[in-house]
Each structure stands twice: as C-alpha cells, then as structure tokens.
Amino acid sequence: MIIIHLDVMMAKRKMSLNELSEKVGITLANLSILKNNKAKAIRFSTLEAICQALDCSVADIIEYIPNNK
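In what follows, the accompanying structure is described. Just so it is clear, the structure is predicted and the values come from calculations on it, not from any experiment.

With that settled, consider the nonpolar core. The biggest cluster of nonpolar side chains holds 17 residues, and the ones touching the most others in it are Leu-6, Leu-20, Val-24, Ile-50, Leu-54 and Ile-61. Of all elements in the fold, only helix H1 (6–12), helix H2 (17–24), helix H3 (28–35) and helix H4 (44–54) reach the threshold of two or more residues within this core. When residues of this core are assigned to their parent elements, the largest contribution, five residues, is made by H4. Leaving out residues up to four positions away in the same chain, Leu-6 has contacts with Leu-20, Leu-31, Leu-34, Lys-35, Ile-50, Leu-54 and Ile-61.

This next bit is on the pattern of salt bridges. Tallied over the entire structure, the rule returns one salt bridge. A salt bridge links Glu-19 to Lys-23, with the shortest nitrogen-to-oxygen separation between them at 3.8 Å. Within this pair, Glu-19 and its partner Lys-23 are both found in helix H2, separated by four residues, close to a single helical turn.

Interaxial distance between H2 and H3 falls to 9 Å at its minimum, and their mutual angle equals 115°. On the basis of their axis angle, the class for H2 and H3 is roughly perpendicular. Between H2 and H3 lies a crossing of right-handed hand. In contact with Leu-17, Asn-18, Leu-20 and Ser-21 of H2, H3 contributes Leu-28, Leu-31, Ser-32 and Lys-35. Its residues placed into classes, the contact of H2 with H3 shows four nonpolar, three polar and one charged.

A separate point is H2. By the burial criterion, the buried members of H2 are Leu-20, Ser-21 and Val-24. Within H2, the buried residues cover an arc of 105° as seen down the axis, which keeps them to one side. Following H2 by one or two positions, Gly-25 adopts a phi angle in the positive range, close to 85°.

Reading the values: the criteria
Residues numbered from 1 in each chain as written. Predicted model: local features only at pLDDT ≥ 70, side-chain atom pairs only at ≥ 80, totals over all residues. Heavy atoms only, no water. Core = buried A, V, L, I, M, F, W, Y, C linked by side-chain atoms within 4.5 Å. Buried < 20%, exposed > 50% of the residue type's maximum accessible area, 1.4 Å probe, protein only. Helix = DSSP H or I, 4+ residues; strand = E, 2+ residues; numbered from the N terminus. Contact = heavy atoms within 4.5 Å. Salt bridge = Lys/Arg side-chain N within 4 Å of Asp/Glu carboxyl O. Axes fitted to C-alpha atoms, helices over the stretch in contact; angles between N-to-C directions. Parallel < 35°, antiparallel > 145°, perpendicular 65-115°, else oblique. Left-handed = near helix turned anticlockwise from the far one by under 90°. Nonpolar A, V, L, I, M, F, W, Y, C, P; charged D, E, K, R; others polar. Arc of directions from axis to C-beta.

This is how it looks when you write it as structure tokens:
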C-alpha cells in the first residue's frame, strides 16, 4: 500500500492547500485527491514541484507499506 503524507508535510511547512496549489501549478481538486490518498497516479514533474515547494524529499511525502503488515 502507498500512503501519501502530503498533509503532514504541508502542516510542518505551515502551507495551505491554496498556497501549494499556486506554487505547484495544479488545481485544488487534483491536489486534494492526492492529499486524501485517492490518486491513482502522479507525474514525476508534479512530484518534483511538490518537493521543491515543500523543501522535502519524495520519501517525506510517499511511504510504502507492504500489504502483509
């Protein structure tokens, strides 16, 4: 299972969904889908833009948990 910790990183950086949306250049709706773990895919360019905006690494945002745990 893949878990997205976008809300955690946004809270750590004190950044709102609106602010991140503007910095990354994606819609609030798509960012909300990602934040709520409803996304089926993410482009590397979007992931890179999020990491730049939040000054973090991919590992800070995405976590893999094996299904057997």
